[in-house]
Structure formats: C-alpha cells, structure tokens
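Single-letter residue listing:
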Amino acid sequence: MAMEMRLPVARKPLSESLGRESKKHLVVPGDTITTDTGFMRGHGTYMGEEKLIASVAGSVERVNKLICVKALKTRYNGEVGDIVVGRITEVQQKRWKVETNSRLDSVLLLSSMNLPGGELVRLGQGVLVQVSPSLVKRQKTHFHDLPCGASVILGNNGFIWIYPTPEHKEEDAGGFTANLEPVSLADREVISRLRNCIVSLVTQRMMLYDTSILYCYEASLPHQIKDILKPEIMEEIVMETRQRLLEQEG
Amino acid sequence: MMETERLVLPPPDPLDLPLRAVEVGCTGRWELLNAPGAPESTLPHGLPPCAPDLQQEAKQLFLSSPAWLPLHGVEHSARKWQRKMNPWSLLSALGAPVPSDLQAQRHPTTGQILGYKEVLLENTNLSATTSLSLRRPPGPISQSLWGNPTQYPFWPGGMDEPTITDLSTREEAEEEVDFEKDLLTVPPGFKKGVDFAPKDRPAPAPGLLSLSRLLEPLDLGGGDEDETEAVGQPGSRRGDTVSASPGSAPLVRASSLEDLVLKEASTAVSPPEPPKPPPQEQWAIPVDVTSPVGDFYRLIPQPAFQWPFEPDVFQKQAILHLERHDSVFVAAHTSAGKTVVAEYAIALAQKHMTRTIYTSPIKALSNQKFRDFRNTFGDVGLLTGDVQLHPEASCLIMTTEILRSMLYSGSDVIRDLEWVIFDEVHYINDAERGVVWEEVLIMLPDHVSIILLSATVPNALEFADWIGRLKRRHIYVISTVARPVPLEHYLFTGNSPKTQGELFLLLDSRGAFHTKGYYAAVEAKKERMSKHAQTFGAKQPTHQGGPAQDRGVYLCLLASLRTRAQLPVVVFTFSRGRCDEQASGLTSLDLTTSSEKSEIHLFLQRCLARLRGSDRQLPQVLHMSELLHRGLGVHHSGILPILKEIVEMLFSRGLVKVLFATETFAMGVNMPARTVVFDSMRKHDGSTFRDLLPGEYVQMAGRAGRRGLDPTGTVILLCKGRVPEMADLHRMMMAHEQALAELTKRLGALEEPDTTGQLVDLPEYYSWGEELTETRGLIQQRIIDSVNGLKSLSAGRVVVVKNQEHHNALGVILQVSSNSPSRVFTTLVLCDKPMSEDPQEKGPASPDVPYPDDLVGFKLFLPEGPCDHTVAKLQPGDVAAITTKVLRVNGEKILEDFSKRQQPKFKKEPPLAAVTTAVQELLRLAQAYPAGPPTLDPVNDLQLKDVSVVEGGLRARKLEELIRGAQCVHSPRFPAQYLKLRERMQIQKEMERLSFLLSDQSLLLLPEYHQRVEVLRTLGYVDEAGTVKLAGRVACAMSSHELLLTELMFDNALSALRPEEIAALLSGLVCQSSGDAGDQLPSTLKQGVERVRAVAKRIGEVQVACGLNQTVEEFVGELNFGLVEVVYEWARGMPFSELAGLSGTPEGLVVRCIQRLAEMCRSLRGAARLVGEPVLGAKMETAATLLRRDIVFAASLYTQ
C-alpha cells in the first residue's frame, strides 16, 4: 500500500491578479454599508443611527436603491421555483420529512407527489456533495447532462447530486423504479472526478454552474482523481478554470 | 565535540531575572532563555525540527494575541453540526387501526346478554385527511363552513366510486390472488413499475414470497375473509368503501341521514326512481315545453312553494324534474322567470331539511339575490369575499370562487347539500373565470343535483351533454326562447307637446317588421324638417340637439308615456354626462304622489343614516335625493355605490318612474321596467362611435316588460336627428347570430375536379395563373411606389385598366390627384355603349375561366358595337399595365365636358371634339394591338433595378411560357373543371388561413413577447440567461403596473414619503379620469409626481428601444394625476363631502379609484416583504387602512 506523506505548507493567499474586475463589497455584521439615507434596506441589513449596517456576513448586493447583504454562509432559504435536492430523513404515514439544508426540516406530503406540474425525481445511484447554498449559481436549469458523461443536479439548497447520465429518459415511472444496474467503472470514475472537482471549486470559493464545473473537470484531466484534492493541485486547476472563465467572459 | 570556555555566573539571586544563555548549534549563536534548568548548549545543528505544541500554539494565537485575527476571513467562523442519521427510523411504521370490535348479543325480548361476537368494523380510521368518503366523521365545528385546505374534498360525482357490487366482485377477485404470479408490478396510473424479475444476480423477491408464507401459519381459523382482509389492506382504498358483505346490518346504520330523507322525499313523489342511466352517450335530455303539463297538480299535490301566479309550462316542467331530484338546465331570456326554478329548489331543500347553494358570477348580483331570497324565505345566508352573513342558513348565496374553495377544502356544508344553483352559467365562456365553473361542476359530489340557469344559448343541448357526461347523470334541458312579456319596438319622432303622439310601431310583439311604421316616421320627421327649414331658413338642423332640445323631446315623450301608463321607464344613454344632464334638465317634472314621496323620503333617511353626517350632505347625495323624490333616477359608474343601490332598490319597488342609465344597468342585475327608451343608436366603445350590436340591443331592450304586470314591453328608439336607416334597424332588431359554416363540410361536398387525360396539368395551370397575377400585381405596386413610375403616370399616358367594371380596357389618364397616400387617377376609359333595354348583358361577361391569352397578354377589351367612353377614378391597383404610348389630351376640358354631359339636361349633347379624338385614338390603339400594347418595362424604362422587381419580371416571363404550353385548356371540359378547381382552391386557401389563425395565434404575439423579454432584460429583471432576478420576483408580486411600481420601489421613491403621500402618488396609476394635478399640491407631492413621470418616461424609453409599439408619450400618458389631491386629502382624513370641491371627477369614479388603490397598496406591501423592507411594508399597510373607511368602503345595502 503506497502512502504519501507531506509536510504542512503555509497556504498562499489567492493571487489578486485573477480577481474579478469588480471586487465584491464584503461586510461582516456591524459593518456600516453606507451613510447615505437615500437607500432602501433589504434583507441582511438594518438601520442604526442614520446608517445602513450589515446584520450578516456576506457580499453587498444592490438593485437600484435597494441594498441587501447576501450571506456567504447560510442555511438555505426556500424560494418559489427553486430546484432542491433533499434527503428523506423520516417516513411518516402521510408525509415524509426531508432534509434540505434549510433551517427546519421540509415536509413532503405524499398526497402531493406526482401532482401535475411538479417535478419530483427519486434519485437512484449517484453521489451527493453538500456545499454552501450561496455557491450555487441561479440559472434557468439546474439539471445538466455534462458532455463528460455524467449528469449533475445543482440544488439551490447546496446539495449537489452527481449521477451517471441515463441512457434513455425514463418516462412516467414516477421514480418508482430503482435502477440497480451496476454503474460502469468509467462512469464511476467520471463521477468521482466531478465530485473532487466540485469540492475543489468549493474550497476555492468558486460559483458552481455547468460551465465552471466542466472547465474544472477538463483542467483536472492531467491529474489522477485522488490527486485533485491535494491543495496545490486544487489551487492549480481552479486557477486554470478561472482563467478560462475569464477568457470566455472576454 | 568542542569544549568551550564557560562563563561563570553567580548563583541566582532572587531578584535576578531567570535568564540563561544557551549556545545554539556550533556556529556561535547565542540565545537568551528564561526557562530555568534549560540545557546550556544544544546539539551542533540547533534545535531539531518538531511540530509545535498545538495547544500552546492555539492559546498563543487566539487567546494571548488575537489582534492579528482577520475580520474578513469569515469562511470558517460559522459552523454547523451534521445531524446523526438514523436509517432504521425509515423502516418504522405505525400500526394499523383495530379492524374489529366485540359486540354483545342480546336476547331480542329480554335484552339479556347471550354472548359476545367479534364484528368487523368498517370505515375505521377515516378522517378528513385520509378519506374522500362522506362517511368520514365531520370535522370540528369551527371548520364546518370553510373546511380546511389540508382536508380532502369529498368524492366528486360522476367518477367511479367503488360500489358494493364492484367491491364484492373485486373482493372475489382478490381472494383468488395468486401471490406468486398475479401481483401488480406497475402501480395503477403508471406506465412502468418495479421490475421484480430476477436479474443477473439470482435475487428472488423475498418480500413477496415470505409474505405469503408468513400468512399460512397465521390462519387461526378466522376464515378466508380475514386473510384477504389483512393482505388487501395496503394496496386497496378500502377506507372509502362500504361493507364487503352486502346487506349487513351496519350498512343501514351507517347510511347518512340525508340519504334517508332524500329517499323518502323521492318516494313520496309518485314517479319511480329513473332507471340507471343507460350506457348510450346521450346525457342531455331535451324537455318538451310546448305542450302544457295537464296533470301538474296531480303529480305534485303539495308543492313546496306556491306563487301568486300560475307558473309557465317550462317552469312546471322544471319543477317536476326538481321533485324527482333530477339535474336541470334552464335556458331562457333574462325576464322569462328562471328565478322561479331557483326558488322552488330552495323551498324544496327547506322542506327536505337540506341545503341549497346559489352561485352567481357577480358580487352585485349576489347581494341583490340575497335580499330577494331573504324576503321570500328568510333563512338565507350570504358568503362573498367581503361579507359573511348567516352561514348556517339553509340557502347560501355565494360566488362561484367561494364554492370552489369550499369543495376543495372538504367543507361539511357539502354533506347537507341538495341543490347547487348556477345562475348565469353562460359565464363559463369567460376566458379567465370560466375554469372556476368547470372545476366546481367536476368537484360536486354525487348526491348534489345541479340546476343551471342560463341566458338563451344556441348549443344548450351540447353543453348539457358535456356536463351530463361529466357527472354521469341525465341533465334535463329546458330551453325556451319565448319572452313571457313580448316586446314592441317603436320609433319616436316627437319633440314638442303637439307631436307627442308621434310614436310609430316598427316591430310588433309577434316579431313582424312594419315597414309602414318606418315610412310614417320618416315622413313625420321630414315634415318637421321642412317646416323648420321654412321658419329658420334653409339651415340644416345638423346638430343632434342641445340640452334644451333634448329636454323638449323627453318632456313630451314622458308625458306621452305617462298618459298611456307606460311608466316606469329606463332611458339608456351612452354617456355619463348626458345621463346627468338629461335628468337634471327635467326640473319641472314630478311623477310621484305625495304618499310615494313620503315612502321615498323614509327609505332615503334609513339608508343614508348609515353614512357619516357630512357624507349625507354630499352634493351628489342631495341632488339624487331631490331627483328621487320626484321619481327620477340616474344610474351610471360615476354615481356613488350606495346611491346606485338606493336607486336600484327604489326602482325595483316602482318608486323611480324614470331612470337614466348607461349600459351597465343592463348587465346582470334584474331590474325590469315597463318601457325601455334608447337615447341613441350609437355608442362610443372606447375608440370610436359605432352602432349598437344586436346582442347589446337585445340585452338592453330585454329590460322592458315586467312579468305579471305588463302585457307587453315597449322599446322606443328616439329619432332626435334623422331617422336611422331601415336596414340598420332591421339588422339590430332581428339579427340572429349565425353559426359559422364548417368549411370542411363544404369542401367535402364539393366535387373533386377531374384531372385526367388532357386536364392533367389543370392544378398547375391554376397555380401558374394565380402566381402570375400575384407577381404582376407586385411589380405594378413597385412601379407605382417608385418615382419614375409615378412620373410615367401623368396626364396623357395610355394605360390598361382592369377592375370590377372594366376588363383590360384601354384608358388615358386625364388627371392625377396630388395627395400621395391615396393617389387617384382620373382616367378616360373605353367602354360599351350602355344598353338600357337589356341591363343583364351590359358590359363584358366577367372572365370566369382564364385562357392563356387572358393570363399572359392583355387581351384588350374591344367594344362590340358602338363604342362609348366613361371617366373613372382609378386606384393604383386598377392600373394593370402602363403602355409606352402617350396621347396629347386636354384633361381638364374633357373632364368638364364629361361632367356636364352627366347632368340630365345635357345628356343628349354630343361630346366635344377633344373627347372624340381621344376615344378614337384609344380605339385605334386597341385594334392595333389586340394582344396588348407594348408596356413600359420596369427594369429598362423605369430604371427599377430592385431585386424583387427584376426577379419578379423573370418569373412572370417563365410563367407566361408555362401557361402557353399548358395542355388542359384544349380540353372541352376545361371551363367547367376549372371553375370547380378554383372553388376548391379558394376554400382550401380559406381553410389554411383559418387553421393558421387557430394554430399560430400565439406566434403572432411572439415578436412582442421577445420585445417584452428584452425590456425585462434591459431593466435587469431577468439576466442574460433568462433567470428571474430579485427585481423580477418583486414585479411578480404586483397585480398591475408591474414595471412602474417595481421601478418606483427600487428607486426608493416611495419609502421616504408618508403613507398618505404614497397613496396619493399611486392614484396616478389607477385613476381613469383625465385631468391635471392641481397647483395647490404640497411640494413633496409635486416632486413625487415628477418623479413618477420621470420613471415612467425611462421605462417608456426602454420599451421603445426594445421595439415595443407604444411611444413614450402614450406610456406616460396612461398616468392620470387628476385625483392626487383628492386621494391625498382623503387619506389624511378629510370627509368625503369636502373632496367634491377638489375635483370635478364624478364621485363614483373617485370611490372606484380609491378602492383599486387600496388593492394596490396591499400588493405593494407584499412586495416590500419580499425584499425585506419592513418600513415600506408598514407604510403601505397604513395607507390601505387610511383609505378603507366611511362611504368608500360602506357595506352593500342589500346585505343589511
């Protein structure tokens, strides 16, 4: 059994050169955001002594005159239209309890399953990664079949499900069938690599969406799957991902 | 190791610092240590590398010197703890309810207990959250009315609820379940299920096998039934079902009370229960209403309700079916007496001790019905969004929406329900709300019978059939077109006491149109006109008549009606202002007796007592009181709601003799009058003045004639100006809506044209011809649009004319009108000499069947026989070709001569020489080029190098060749077949057009959709990827003016203002009456108005930039700040009476504006919550409360 030992290395601060053009305005609770009274206070702020003060730690977001602070690390707050990935934690007669990284357990009424318009998918085989909900970028679709051979569901609640891309989309099975076919080694490798990529993106505080995940996956290809999680490699591939994303944005 | 010289230190003094010098390594480096007892020297290479003591380090780092701690590196400061999973909890399940009970068996006479027997319990564990059955126990009293959204509804009728026989057969089937083979693997309703077939790994389905095996030892001798009971439990919906053993004692006990009552009721009535609906798909059964019901009183010896009058046949029929507990559909005119059916149902329900629900589409109608039924039955309740009165009553009146929510929430009221009456059910056509009716119809449980009341609809049977199929029950359709009170339509031309008798019958009660009456009216009018002309000179009385003239007309009309006892009368006027004007004009009129006056006075006192003191002194209230005392009334949207209700109530009591109303009065609310007068036949529908539609006319005219009081209803059309055209009148009064012919049927009926043999290229020939015509038209259009083309079309140019009258006739242009949008070419055209004796053969026969010559060249028209000419004003489209020839003509002279000869006097005069020369020249040209004169080539002569023109020219030439080569024209059957084909093609084209309209209607709006999305994107409501952002979500919360309100909110234009100021500003968005904000506004409001305008302008600009078809001015112009001051003062608590002085807006409109404003404040409050801005939310809440007070939100009089 091969073993690798490494000595502690001080973490280098992230190089500023690759930062975004517009630096995020970060605040901690108690920081004064503005003293201008012409602004409206939104979530995560409060008024104190004619000043707008942050009540959570996070980045300041502005819509015209409305100022909100979006917490960097938070439990998930549900919104209408969100896609969430949840884990059933309790089965009762008429409802299931679902853990969705929210402040309270969510309740799934069995009577509301299979309602028209609702999309309830029972997930079969795959890997769950839990990240901070603030790192999942809001998009039109959160179901992605990546070209690398696996699919991801980026739940708005920070639960990410990686699973082999189904060959044929199952229709109307209502999630009753569990595909217990063994997943091929190649698929499993892709899934593990994706998982490690997502973890490294999260460690480096990158937003998660289909492009960033895919670029990171491609950047990680020269390395072995198990090596991805080594800090210096993590840093390297994320740096490369960043570079490509910046290029793409132009 | 090297021995170095040692420093000799004195023994440590207590005051000495405990320092010790240590030589580190061998390089001569020294360190001072404060640790006593440390070694004096170290290894040659210094201290060995070692991991620092973590605890020490942490202490050092975080506790003793925390100053370095970053404020901003907060990633790891917030932690969460993973919960402990307990997967075993997933496997636990609650126990099943006890399925059986012990029951004592007693001696039938002594009552002595003989023994105990185990009985199976049914309907155990039913509750509102587990079962759809009516057998579930009722919920708590607090929820009996509204139910609870988490409860299940009751089982909808018409769907397959398992019956006893069903169950017993299923039971048998279940007994034979072979657990090895017959188990379902696909859940019902799914296409795929669990596949238990052993896969690669030989994994047997252990659960199934073991289950059946386990059951064997459990056989305790309870019989097979118990076993199936236990096995069948998980899958089947046994909870809802009734006992498996038919006829067992518990069944009778459990059957609900109302069923028994109903059974008794239906058996009391002689006709036996109708047999089970036959399997055929005919659910609607039309009922014959022409023959009288002779044995009505024998069949119903004790009717539940009796009227002072004898019911009509259709009412009797309906009552008969009601007694049998059938569902009925009654379609009749508004005044025909559908209410009788509803009343009988209510009475029947009261007799049966059950309940009735009456639903109406309009709140106002609900209020009115509440009052009516309350007067009749007493035990009546009302449930609307605003009020809730006597919810325990046996008859509940509500809007359809409320019934829907009660059904979905499983309200216990549904249990007692016997009838649901849907009034005005034709509202199901409504695009927005119709779905509510559908849902309610679907969700009604089986024990509820349906009564549908509707206006006359052409497809009553079809509609009833749909409902019948839905509910699997017969719907008896009772449809009558007869009016109980027939209408007579008159024209009135009088305008002074002398002429007050000028009332001419136009359409009698049997529906015959009297032309004589029409001409008499025209004569009467003409006579007056000429007299008028004599008195005042030749001046035409074009003006429609000012207020003074109106007054004269009304005074004499009302006097005439009064003498003939034809009051009360409703006068429909299509403008609020004229309504008021006319009513106020009749100052001298007093139509009430003194006793009536006191009655009116008392009623007014009682109603107005509910208003605030100052509100009772409102000018409108005072004015209306004064009018009402004299028996006059006004009813339109500008009137305060409470006054409108007073007027309605007094009118229905017959105390208002003359009511001036706008169209709104005809809607819904049933208020018949003796006579209906139309002030005018034309109304302004928002954009233009137009004639009344037949439907509108019928709706309003239908208000005439009170049932049981009047033999006929009188409808009078005022002819203040001239008498309307007879055709218009006829169309308006007699029109029936025509059903659209089905094109497919027509197509199917057409003969397939013969396309064999020589005719093989007939279809192609047709399409070539069409295309050629189209291409030529296109080119011609281009030519005329072009500068050169226009230049060529000057006076003297010879053209080929092709239109309705002339077919390829040569003409010469005489004059060109200069205004560009609709250019007119006055042209001298060759034509046949009119043959007066034989008008049929006049002009060339229209070219029904085009031969190649017709299509390709311009086979010029050559007059047969003597040639004549005419002058035609041609549109650009009439010019088929522009020839190269130019004639020298004197256009003005010819025109002058021609117009002179049009007059009868000069008809016989010969035309001028100039005319004859021109005609001769044209004729010569026509003879010289029978196949068409040389035309100007668009490309070469007119310098039109446009691609489309050049290509069109080439294509046209190609087509010409093709057409020349066509075979089919040589066939003798060509003309007939061609006609057939053309008819077919035309219908096909029409069909394509229609189906395009049907299928791609949304596509027509697609560009606009994209433009609107672009607007949202520009404003930042959605991002590039189309994801809705925060601003977009806020906009979703608004009910109207989404963009403007959201922008205002995010601009922080509102938060800084006080609630009343916000309300005042927002009034600009909901106010409908135009007007400018006053100058006396406080400066904050003025600035606010400017700010709102600026924001609106910005949005408008964005919209224009994105290509939307609305200019900035239009968008900003939608804002009306006329009521800013009024709303501001109202929100500050000013009494309503003082508001009137602030603006000229009618009070009713002010009230409506404030009502809508309150709604808007609510939606803004919701939006403020969404962005987490509590201050604005609180302000909006305050604003809404400030607005909702006094007269504006006074409860309806009908509910008092």
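Residues numbered from 1 in each chain as written. Chains lettered and ligands numbered in written order. Predicted model: local features only at pLDDT ≥ 70, side-chain atom pairs only at ≥ 80, totals over all residues. Heavy atoms only, no water.

### So, helix α17 (residues 594–608) of chain B
One full turn of an α-helix is made of 3.6 residues, so residues set three or four places apart face in the same direction. All names here are of chain B. Between the first and last C-alpha of α17 there are 21 Å, a value that for 15 residues agrees with the 21 Å anticipated at 1.5 Å per step. Where α17 is concerned, the buried positions are E596, I600, F603, L604, C607 and L608. For α17, the angular spread of the buried residues around the axis is 120 degrees, confining them to a single face. Turned more than 90 degrees away from the buried face of α17 sit S594, L602 and R606, all of them exposed. In the core, the buried residues of α17 are packed alongside α18 (619–629) and α19 (641–652). (Helix = DSSP H or I, 4+ residues; strand = E, 2+ residues; numbered from the N terminus. Expected span 1.5 Å × (residues − 1). Buried < 20%, exposed > 50% of the residue type's maximum accessible area, 1.4 Å probe, protein only. Arc of directions from axis to C-beta. Contact = heavy atoms within 4.5 Å.)

### Description of the nonpolar core
Residues and elements named next belong to chain B. Among the nonpolar cores identified, the biggest contains 150 residues, and F678, F1136 and L1187 are the most heavily contacted of them. Ranked by residue count, the leading element in this core is helix α39 (residues 1147–1171), at 12 residues. Setting aside anything within four residues of it in sequence, one finds F1136 in contact with D615, L618, L640, W1130, E1147, V1150, V1151, I1191 and V1192. (Core = buried A, V, L, I, M, F, W, Y, C linked by side-chain atoms within 4.5 Å.)

### A word on the packing of aromatic side chains
All names here are of chain B. Taken as a whole and assessed by the stated rule, the structure comprises eight aromatic pairs over all chains. Arranged with centres 5.2 Å apart and planes meeting at 80 degrees, the rings of Y358 and F373 form a pair that is edge-to-face. In this pair, Y358 sits in strand β7 (residues 355–360) while F373 sits in helix α10 (residues 363–377), placing the two residues 15 residues apart along the sequence. The exposure class of F373 is buried, given its relative accessible area of 0%. Their ring planes at 55 degrees and their centres at 6.3 Å tell us that F373 and F377 sit as a pair that is tilted. Of this pair, F373 and F377 both sit in helix α10, four residues apart, roughly one helical turn. (Phe/Tyr/Trp six-rings, centres within 6.5 Å; stacked < 30°, edge-to-face > 60°.)

### Things to note about the packing of helix α34 (residues 1059–1070) of chain B against helix α35 (residues 1083–1105) of chain B
Residues and elements named next belong to chain B. The geometry of α34 relative to α35 is characterised by a closest axis approach of 10 Å and an angle of 40 degrees between their N-to-C directions. Viewed along their axes, α34 and α35 adopt a mutual orientation that is oblique. Pair α34 / α35 crosses with right-handed handedness. Packed against α34, whose contacting residues are E1061, A1064, L1065 and L1069, the element α35 presents T1084, L1085, G1088, V1089 and V1092 at the interface. (Axes fitted to C-alpha atoms, helices over the stretch in contact; angles between N-to-C directions. Parallel < 35°, antiparallel > 145°, perpendicular 65-115°, else oblique. Left-handed = near helix turned anticlockwise from the far one by under 90°.)

### Concerning the pairing of strand β10 (residues 395–399) of chain B
Residues and elements named next belong to chain B. With five of five residues buried, β10 is to be regarded as a mostly interior element. Of the two faces of β10, the one lined by C395, I397 and T399 and the one lined by L396 and M398 are each fully buried. Pairing of β7 with β10 involves five bridges; the strand directions are parallel. Within the sheet, the bridge partner assigned to I357 lies in β10 and is L396. Relative to β10, strand β8 (residues 380–383) is paired through four bridges, and the arrangement is parallel. Looking across to β10, one finds that G381 is bridged to L396. (Pairing = 2+ DSSP bridges.)

### Some points on the sheet that holds strand β2 (residues 32–34) of chain A
Residues and elements named next belong to chain A. Spatially, three strands are ordered β2-β5-β4 in an open sheet, and the strand pairing comes out antiparallel. This sheet does not close on itself; its edge strands, each paired only once, are β2 and β4 (45–48). The mean inter-strand angle of the sheet, taken between neighbouring strand axes irrespective of direction, is 45 degrees. Summarising the sheet, β4 and strand β5 (residues 51–54) pair through four bridges and their orientation is antiparallel. The partner of Y46 across the bridge, within β5, is I53.

### Some remarks on unusual backbone geometry
Residues and elements named next belong to chain B. In this model, H325 sits at a positive phi of 65 degrees, which is unusual for a non-glycine residue. Backbone geometry places M353, a non-glycine residue, at a positive phi of 60 degrees. Note on placement: M353 falls in the loop between α9 (338–352) and β7.

### Quick notes on the side chain of K471 of chain B
Residue and element names in this part refer to chain B. Examined against the element boundaries, K471 turns out to sit in helix α13 (residues 460–471). D446 provides the closest opposite charge to the buried, salt-bridge-free K471, at an N-O distance of 6.2 Å. Each residue touching K471, except ones within four places of it in the same chain, is listed here: G157, G158, L441, I442, M443, L444, D446 and I450. (Lys, Arg positive; Asp, Glu negative; His and termini not counted. Salt bridge = Lys/Arg side-chain N within 4 Å of Asp/Glu carboxyl O.)

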